[in-house]
Structures are given as C-alpha cells and as structure tokens.
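Analysis of the macromolecular model
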Amino acid sequence: MSEKAVFVRLAQAEDYRFDVDFGVGPTLRVDEPAPLGAGSGPNPLMLLGTAVGNCLSASLLFALRKFKQAPDPLRADVTVETGRNEQGRLRVQRIAVRLQLGVPAAQLQHLDRVLSSFETYCTVTQSVAAAIPVDLEVFDSAGVRLKPGALQP
C-alpha cells in the first residue's frame with residue numbers, strides 16, 4: 001500500500017515538447033533530442049539522472065546535518081549510460097554518480113558512519129538500483145575518493 005503519492009502533469013506543447021507541472025514552482029519544458037525532438041529541454045534520461053543525483057545528494061546532506069556537519073556546497077555529476085538490449089531496443093544500462101563534498105573530509109565528524117549508510121535512505125536511487133546498476137563514488141573537496149562502489153538494492 002502506498003504511503004504517499006506524487007502527482008505530476010505533462011501537457012504537450014508541440015511535437016515532442018511537453019510542459020511539466022509539478023504543482024510547485026515553475027513549469028519545466030522537456031523535449032526529446034533530435035531526430036525526434038529539437039532538444040530544447042531536458043529529456044527523460046536527463047530527468048532520471050537528475051532524480052538519482054538529487055536524491056543521493058539530499059540523503060548525504062541530511063545524514064551529515066544530523067551530526068551538525070556542514071559539507072556545503074555539494075556537487076553531483078551523473079552519467080546515464082544507454083545501450084541496446086537483446087531485442088535491439090535502447091535501454092538504460094548503468095547510472096554512475098560522483099558526489100563531491102564542498103570541504104575536506106578531515107573537517108567532517110562521523111563521516112565514515114554517514115558514508116556507510118546514507119544511500120540506503122535514498123528512495124529514488126534504491127528503487128532504480130533494483131533494476132539498473134548504480135555506481136556511486138564520493139569525493140571530498142580535495143579530490144580524495146572516500147567511497148567507491150556499486151549500490152546494492
């Protein structure tokens with residue numbers, strides 16, 4: 001049974017361009033890349049990457065702030081890789097996420113504890129990772145790799 005539902009409305013503007021109404025904030029114009037659309041806005045692959053990257057970033061920030069730590073500003077780089085399945089249809093094959101803290105790791109207390117579990121609280125990523133491999137790496141502001149590896153759903 002669903003605890004909570006989110007509603008989003010998409011309305012076709014023209015061809016493959018749609019306006020997305022989230023019910024809060026401004027609408028978002030999405031579009032398919034050429035040759036179908038004009039690429040005038042983010043496409044579904046970009047939105048999927050955004051959802052995964054945002055959820056992981058927010059989970060990391062929340063976990064660190066529970067310990068009254070300030071990792072700001074965070075950055076997430078997300079790569080959504082596609083390929084063909086056995087039927088020759090284009091599918092998402094893998095999502096790679098690189099999170100970067102805004103400070104050196106040495107400035108953050110309880111970082112090991114946070115890094116060992118924060119992604120398990122990310123609703124979107126854990127749901128996606130059940131079907132699509134998600135690789136997550138976390139770096140500090142000096143470029144030191146703090147967490148390598150694939151997520152386990």
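Just above sits the structure.
Notes on the structure in this doc start here. (Residues numbered from 1 in each chain as written. Predicted model: local features only at pLDDT ≥ 70, side-chain atom pairs only at ≥ 80, totals over all residues. Heavy atoms only, no water.)

A count of helices and strands for the protein chain gives 3 helices and 7 strands. Along the first, second and third principal axes, the C-alpha set of the protein chain runs to 50 × 40 × 40 Å. Across the 153 residues that make up the protein chain, the buried fraction comes to 31%. In the protein chain, once contacts between residues fewer than 6 apart in sequence are set aside, the share between residues at least 24 apart is 47%. (Helix = DSSP H or I, 4+ residues; strand = E, 2+ residues; numbered from the N terminus. Buried < 20%, exposed > 50% of the residue type's maximum accessible area, 1.4 Å probe, protein only. Contact = heavy atoms within 4.5 Å.)

What follows covers the pairing of strand β6 (residues 134-139). Here strand β5 (residues 90-100) pairs with β6 via 6 bridges, running parallel. Bridge pairing in β6 places Gln100 opposite Phe139. Both β6 and strand β7 (residues 145-147) contribute to a ladder of 2 bridges, which runs antiparallel. Following the sheet pairing, Phe139 is matched in β7 by Arg145. Connecting β6 to the next strand, β7, in antiparallel fashion are 5 residues, including Gly143 with a positive phi near 90°. (Pairing = 2+ DSSP bridges.)

With that out of the way, let us pick up the side chain of Ser59. The topology assignment puts Ser59 in helix α1 (residues 44-66). Since its relative accessible area comes to 11%, Ser59 is described here as buried. With residues up to four places along the chain from it excluded, the contact list for Ser59 reads Phe118, Tyr121 and Cys122.

This paragraph deals with the sheet that holds β7. Pairing within the open sheet is mixed, and its 4 strands lie in the order β4-β5-β6-β7. The sheet is open, and its two edges are formed by β4 (75-84) and β7, each paired on a single side. Strand-to-strand twist across the sheet, computed as the mean angle between neighbouring axes with direction ignored, equals 25°. Here β4 pairs with β5 via 10 bridges, running antiparallel. In the strand pairing of β5, Arg75 is matched with Gln100. The strands touched by α1 within the sheet are β4, β5 and β6, with β5 carrying the most contacts at an inclination of about 35°. (Axes fitted to C-alpha atoms, helices over the stretch in contact; angles between N-to-C directions.)

Taken as a whole and assessed by the stated rule, the structure comprises 8 salt bridges. Its salt-bridge partner being Asp19, residue Arg29 comes within 2.5 Å of it at the nearest N-O pair. Of the two residues, Arg29 is situated in strand β3 (residues 28-30) and Asp19 in strand β2 (residues 17-21); the sequence distance between them amounts to 10 residues. Residue classification places Asp19 among the partly exposed positions, given a relative accessible area of 26%. In this structure, Arg145 and Glu137 form a salt bridge, with 3.1 Å as the shortest nitrogen-oxygen distance. Connected via shared salt-bridge partners are Glu81, Arg94 and Asp135. (Salt bridge = Lys/Arg side-chain N within 4 Å of Asp/Glu carboxyl O.)

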